[in-house]
Amino acid sequence: MSKKLDNRERARRIFNHGFNGYMRHAWPKDELMPLSCKGVSHDPALPDLVNDVLGNFSLTLIDNLDTLALMGHRKQFRSSVEKVLSTVTFDQDVEVQVFEVSIRVLGGLLSGHLMASDPRSGVSWPGYSGGLLRLAVDVADRLIVAFRESFLPFRRVNLRHGVIEPKTDDDWTTPLAGAGSLLLEFGQLSVLTGDPKYAIKAHVALVAMWNQRNYRTGLPAHTIDLRFGNWTNYVSSIGGGMDSFYEYMLKCYSLLGHEEYLQMFEYSYDRIMEYTFRTPFFVNVDAEDGLLSSTWVDNLQPFFPGLQVLYGDVQSAAHNHRVWHTIWQHYKFIPERYNIVNGTIESDGWELRPEFVESTYHLYRATKDPYYLQVGEEIMNNIEQHAKTECGYAIITKIKTLERGDVMHSFFLAETVKYLFLLFDEDNVLHNTLQDHVFGTEAHIFLPQWHGHMDIPHLARTQPDWSFAMKHPLMLQNLRRHREREWGKTTWQSDRKRSCNAWGAKKRLRPPHWSGALQRIRDSVERPLKKLNAKS
Ligand code: DMJ
């Protein structure tokens, strides 16, 4: 067997160990606790626990239906779909995050449905009658109530009772990615069901957030108040809280086929490169003036080279990926936050995250450079050596001492291991019969449905209540005026001032002065790149 196939089978074994461990010790709970070998779900005994995605709906199973399909585990895929259909209900008294449930659960159901119904997947069967799609509609209807007060959704909803009445100002805020990246899942659902209401909501939210970008820098910021449209956190980056907002613009173009998404992405990409790229890192800046706002980078950022590949900027992607590889090799993992000035860990741990593997996969598909296969092998070595437990894989809480935590996020199998498997599986259906696929941010597979083409931007524009919002660049400020009638005079001005002042009061950080550690990283990135360029 070739080394590549060997590694593919190794990735399959990693998946089998984690998935079988989950099914044996945790299912029907949401996730496996890999140290105590038991399951975890929403716990009513701990009402204060901020519950993002544990909703008593067998999360890991739903998140991995398509992983089973892509690995060709035909029987297990079918029996897992049947398990989901016979046991999962979304009528749960739990508070969940709209974005997380959309990308993991809605995305998982839709992707599972496409695999079960599209003969090109190789795992479909004639008796499948669309049960996963019906579940997808059920969960989406429970999420869509989040749009009750605004064109932007509340961050959390209760799956049974709907909107959670906001108590604090913070309850009225949402991060850019949370509100602005729902369109792949909502759009795919609309196209499959023929009901445009999901896509319209998500489209308007995406464009509304984009329209609030700063007029000077062109950058959107991290967090917005959904009543008034003012940013409450002015940081702008490609990292946590903002990452998938950009990802969805480009991918919505691929999935839904409207130039408008591509144009938004092109504009955004230029702004990102202009303001946040300070070689070799993409840094956090203030959306208002583009000045550096902190000196750390986070563990979601390594997804960006993958997106750059999909956009066609392979050279920059390769450079960016080298930076993360250097950090990975140094620590064996990528820390949650890394301080680029001191070259130290700013926030410890590696949560079995997929982003670096995802980019490695896309770069390999684009370049076929065996270097990326080598990177994949290194990643598997470290996972097997340090994260493997008796019944699954555990997050690393302290990188230096390799201390582990009792958590195996559903995305570990659904994304990290899926991308590892695909990296080594040249003959996968995704690389052959399903080449027109688009990955969601949770690595779920979406397929353009040209026969059911739906002009979402057009439909959004013709909605009586939405059209005024879409026309104005500062739509949310118009919304504010509109809503003032219901809410009375608001404190919007003073809120905005307060948040600006709080931010402005902080001494602005100047671009970092390259410390020795950073210089070493730059060298180690640039040297191999120069070699690579010399070769080609
Ligand atoms: C995943 O749920 C998704 O990749 C999301 O876009 C970001 N966070 C996690 C993995 O880190």
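Our subject is the structure that appears above.
Read on for an overview of the structure. (Residues numbered from 1 in each chain as written. Predicted model: local features only at pLDDT ≥ 70, side-chain atom pairs only at ≥ 80, totals over all residues. Heavy atoms only, no water.)

**Quick notes on the overall build of the protein chain**
As a reminder of what qualifies: Every helix listed is a DSSP run of H or I at least four residues long, and every strand listed is a run of E at least two residues long, numbered separately from the N terminus. The rule is simple: take the accessible area with a 1.4 Å probe, protein chains only, and divide by the maximum for that residue type; under 20% is buried, over 50% is exposed, in between is partly exposed. The contact definition used throughout considers only heavy atoms, calling two residues in contact when any of these lie within 4.5 Å. Areas reported as accessible are Shrake-Rupley estimates using a 1.4 Å probe. Residue values count occlusion only from the protein chains shown.
Scanning the protein chain from N- to C-terminus turns up 21 helices and 19 strands. When the 536 residues of the protein chain are sorted by exposure, 62% land in the buried category. By sequence separation, contacts in the protein chain at least 24 residues apart represent 72% of the contacts at least 6 residues apart. Accessible surface, the protein chain as shown: approximately 20700 Å² in total, 50% of it carbon and sulfur.

**A word on the layout of surface pockets**
Once rolled over the atoms, a probe with the size of a water molecule shows which space is left empty. Counted only if it meets this: Grid points spaced at 1 Å and placed over the protein atoms alone form the basis of the search, with a cavity being a set where a 1.4 Å probe fits but cannot get out and a pocket an open set showing protein on both sides within 12 Å along at least five of seven lines. Lining residues have an atom within 4 Å of a point. Grid points are joined across faces, edges and corners, and a volume is the space filled by probe spheres set on the points. Any residue outside Ala, Val, Leu, Ile, Met, Phe, Trp, Tyr, Cys, Pro, Asp, Glu, Lys and Arg is labelled polar, Gly included; the first ten of those are nonpolar and the last four are charged.
Counted as a void, the largest pocket has a volume near 1100 Å³. As for the largest pocket, its lining consists of 44 residues, and the residues nearest its centre are Asp52, Glu100, Gly241, Leu300 and Arg353. Taken together, the elements giving at least two residues each to the lining of the largest pocket come down to helix 5 (98-117), helix 7 (176-180), helix 10 (243-256), strand 13 (296-298), helix 14 (355-367) and helix 16 (410-424). Of the residues in the lining of the largest pocket, the class split is 15 nonpolar, 14 polar and 15 charged.

**With respect to the packing of aromatic side chains**
Note the cut-off: Only Phe, Tyr and Trp rings are paired, with Trp represented by its six-membered ring, and only when their centres lie within 6.5 Å; those with planes under 30 degrees apart are stacked, over 60 edge-to-face, the remainder tilted.
What the rule picks out here adds up to 27 aromatic pairs. With centroids separated by 4.8 Å and ring planes inclined at 75°, the aromatic side chains of Phe265 and Tyr311 adopt a geometry described as edge-to-face. Of this pair, Phe265 sits in helix 11 (residues 259-276) while Tyr311 sits in helix 12 (residues 304-311), and the two are 46 residues apart along the sequence. Overall, Phe265 belongs to the buried group, its relative accessible area being 1%. In this structure Tyr311 comes out as partly exposed when scored by relative accessible area, which is 26%. When the ring of Phe333 is compared with that of Trp350, the centres are 5.0 Å apart and the planes differ by 20°; the resulting orientation is stacked. With Phe333 in the loop between helix 13 (314-331) and strand 14 (337-339) and Trp350 in the loop between strand 15 (344-347) and helix 14, this residue pair connects regions lying 17 residues apart in the sequence.

**With respect to the side chain of Thr217**
Worth spelling out the cut-off: By the criterion applied in these results, polar contacts are pairs of N or O atoms within 3.5 Å in which, for protein atoms, one can donate a hydrogen and the other can accept it, and in which residues neighboring in sequence qualify only through two side-chain atoms.
For Thr217, the location among the structural elements is in the loop between helix 9 (197-211) and strand 7 (223-225). Only 3.1 Å separates the side chain of Thr217 from the backbone nitrogen of Leu219, close enough to count as a polar contact. Each residue touching Thr217, except ones within four places of it in the same chain, is listed here: Arg271, Tyr275, Ala287, Glu288, Asp289 and Gly290.

**Examining the state of the cysteines**
Heads up, the rule is: Working definition: a disulfide is two cysteine sulfur atoms within 2.5 Å of each other.
For the structure shown, the criterion picks out 1 disulfide. One disulfide in the model links Cys37 with Cys391; its S-S distance is 2.2 Å. One disulfide, between Cys37 and Cys391, carries an S-S torsion of -100° and so falls in the left-handed class. Remark: Cys391 occurs in the loop between helix 15 (370-387) and strand 16 (395-398) and Cys37 occurs in the loop between strand 1 (31-33) and strand 2 (38-40); sequence separation between them is 354 residues. Accessibility expressed as a relative area gives 2% for Cys391, which makes it buried.

**Details of the nonpolar core**
Filter applied, for reference: As used here, the term nonpolar core means buried Ala, Val, Leu, Ile, Met, Phe, Trp, Tyr and Cys residues forming a set that is joined through side-chain atoms within 4.5 Å.
In this structure, Phe77, Val84, Phe90, Val105, Leu109, Phe186 and Phe412 are the most contacted members of the largest nonpolar core, which totals 160 residues. Tallying contributions element by element places helix 5 first for this core, with 11 residues. Setting aside residues up to four positions removed in sequence, Phe186 forms contacts with Ser102, Leu106, Leu143, Ile144, Phe147, Tyr198, Ala199 and Ala202.

**Topic: the site of the ligand**
Note the following rule: Any residue with a heavy atom positioned within 4 Å of a molecule or strand is treated as near that molecule or strand. Grid points define the cavity or pocket, and a molecule sits in it when more than half of its atoms lie within 2 Å of them.
Every residue near the ligand is listed here: Ile103, Leu300, Arg353, Pro354, Glu355, Phe411, Glu415, Thr441 and Glu442. Between the ligand and Glu415, the relevant distance is 2.9 Å, taken from an oxygen atom to a side-chain nitrogen or oxygen of the residue. Here an oxygen atom of the ligand sits 2.7 Å away from a polar atom, N or O, in the side chain of Thr441. More than half of the atoms of the ligand fall within 2 Å of the grid points belonging to the largest pocket. Residue classes in the shell around the ligand are distributed as 4 nonpolar, 1 polar and 4 charged.

**Section: helix 16**
So the rule is basically this: Each residue after the first adds 1.5 Å to the expected span of a helix. Here the bend at each residue means the angle between axes fitted to two seven-residue stretches, the one ending at that residue and the one beginning there.
End to end, helix 16 covers 22 Å across 15 residues, agreeing with the expected 21 Å (1.5 Å per residue, within 8%). The largest bend in helix 16 amounts to roughly 30° and is located at Lys418. Within helix 16, 15 of the 15 residues are buried, which leaves the element mostly enclosed by the surrounding structure.

**Section: the sheet that holds strand 13**
Put simply, the rule is: Between any two strands, pairing holds if DSSP finds at least two bridges. For every element, the axis is a line fit to its C-alpha atoms; helices are fit only across the contacting stretch, and the angle between N-to-C directions ranges from 0 to 180 degrees.
Taken in spatial order, the 3 strands make up an open sheet running 13-14-15, and their pairing is antiparallel. The open sheet has two edge strands, strand 13 and strand 15, and neither has a second partner. Here the average twist between neighbouring strands, direction ignored, is 35°. Strand direction decides the pairing type here: strand 13 and strand 14, joined by 3 bridges, are antiparallel. Counterpart to Trp296 in the pairing with strand 14 is Asn339.

**Remarks on the packing of helix 5 against helix 8 (residues 183-193)**
Put simply, the test is: Take the far helix as the reference: if the near one is turned anticlockwise from it by less than a right angle, the crossing is left-handed, and if turned clockwise, right-handed.
Running from amino to carboxyl end, helix 5 crosses helix 8 at an angle of 35°, the nearest separation of the two axes being 10 Å. Where helix 5 crosses over helix 8, the two elements pack in a sense that is left-handed. Facing helix 5, whose interface residues are Ser102, Ile103, Leu106, Gly107, Leu110, His113 and Leu114, helix 8 presents Glu185, Phe186, Gln188, Leu189 and Leu192. Here the contact of helix 5 with helix 8 is built from residues that sort into 7 nonpolar, 4 polar and 1 charged.

**Section: the environment of His409**
Summarising the element assignment, His409 is placed in the loop between strand 17 (403-405) and helix 16. Classification of His409 by relative accessible area gives buried; the value is 16%. Here the alpha-carbon distance between His409 and Thr60, two residues 349 residues apart in the chain, equals 8.0 Å. Not counting chain neighbours up to four residues away, the residues in contact with His409 comprise Glu31, Glu351 and Ile395.

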